[in-house]
Amino acid sequence: MTTALTNEYLQQWIEIVSLRDFHIPFRHLARWNHRLSSTGGRYLLKSHDIEINPKQFVQNGAEEVERIIKHELCHYHLHLAKRGYKHQDAEFKQLLAKVGGSRYCKSLPESQKKKAEPYRYRLVCHSCGQQYLRKRKVDVKKYVCGKCRGKLALESIR
């Protein structure tokens, strides 16, 4: 793990960005969260902590992570001030534009792989031979063929 990917480094980074761009101190915890997959970071409403995806730092660099930090700090400061902190709120959008945070983070190649998961099952109609490909297992007792209403058989492709 590089020095940039320690929780202490991230804590200091977020505190600096908060004072520099928002002129308000960040008084809660910041940490890297390796389990985040489809998001760059998140603000936790109950604890007021901020978690950042370290894969964004590795793939897209410090500039992108700083935009993610600004995004999460917008949620943080607006929520604590009891103002509109949600994505659809005008106050959130205005503050995000003012500080230069990103509305969306860049996608990671790993999250793209999950979407392109190959099919694992094939449903075949006994009557007409129509085939349906599925990623998840299906209960063939509940469904019939959409073409002829015949019974379906489930086959595993792998």
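Here goes a summary of the coordinates provided. For clarity, every value in this text was computed on a predicted model and none was experimentally measured.

## Comments concerning the overall build of the protein chain
Here comes step 1: Check the secondary structure of the protein chain and you find four helices and six strands.
Here comes step 2: Shown N-terminal to C-terminal, the secondary structure of the protein chain runs as helices and strands in the order α-β-β-β-α-α-α-β-β-β.
Here comes step 3: For a compact globule of 158 residues, the expected C-alpha radius of gyration is about 15 Å, and the protein chain comes in at 23 Å, more than 25% above that figure.
Here comes step 4: For the protein chain, the spread of C-alpha atoms along the principal axes amounts to about 70 × 35 × 25 Å.
Here comes step 5: Taking all 158 residues of the protein chain together, the buried fraction comes to 37%.
Here comes step 6: A sequence separation of at least 24 residues applies to 47% of the contacts in the protein chain between residues at least 6 apart.
Here comes step 7: On the protein chain, roughly 10,400 Å² of surface is accessible, and the fraction owed to carbon and sulfur atoms is 51%.

## Structural notes on the packing of helix H2 (residues 54–80) against helix H3 (residues 90–99)
Here comes step 1: Relative orientation of the contacting elements H2 and H3 amounts to 135°, with a least axis distance of 10 Å. With respect to each other, H2 and H3 are oriented oblique. For the crossing formed where H2 meets H3, the hand is right-handed. Every residue of H3 that contacts H2 at Lys 70, His 71, Cys 74, His 75 and Leu 78 is listed here: Glu 91, Phe 92, Leu 95, Leu 96 and Val 99.
Here comes step 2: Partitioning the contact of H2 with H3 into residue classes produces six nonpolar, two polar and two charged.

## A short note on the sheet that holds strand E2 (residues 41–43)
Here comes step 1: Ordered by their spatial adjacency, three strands build an open sheet running E1-E3-E2, and the pairing between neighbours is mixed. Each edge of the sheet is formed by a strand with only one pairing partner; in this case those strands are strand E1 (30–32) and E2. For this sheet, the mean inter-axis angle between neighbouring strands, taken without regard to orientation, is 15°.
Here comes step 2: Of the strand pairs in this sheet, E2 and strand E3 (residues 50–52) are connected by three bridges, and their pairing is antiparallel. By the bridge assignment, Tyr 43 is partnered in E3 with Ile 50.

Rules behind the numbers
Residues numbered from 1 in each chain as written. Predicted model: local features only at pLDDT ≥ 70, side-chain atom pairs only at ≥ 80, totals over all residues. Heavy atoms only, no water. Helix = DSSP H or I, 4+ residues; strand = E, 2+ residues; numbered from the N terminus. Rg over C-alpha atoms; globule rule 2.2 N^0.38 Å. Buried < 20%, exposed > 50% of the residue type's maximum accessible area, 1.4 Å probe, protein only. Contact = heavy atoms within 4.5 Å. Areas by Shrake-Rupley, 256 points an atom, 1.4 Å probe, with all protein chains shown as cover. Axes fitted to C-alpha atoms, helices over the stretch in contact; angles between N-to-C directions. Parallel < 35°, antiparallel > 145°, perpendicular 65-115°, else oblique. Left-handed = near helix turned anticlockwise from the far one by under 90°. Nonpolar A, V, L, I, M, F, W, Y, C, P; charged D, E, K, R; others polar. Pairing = 2+ DSSP bridges.

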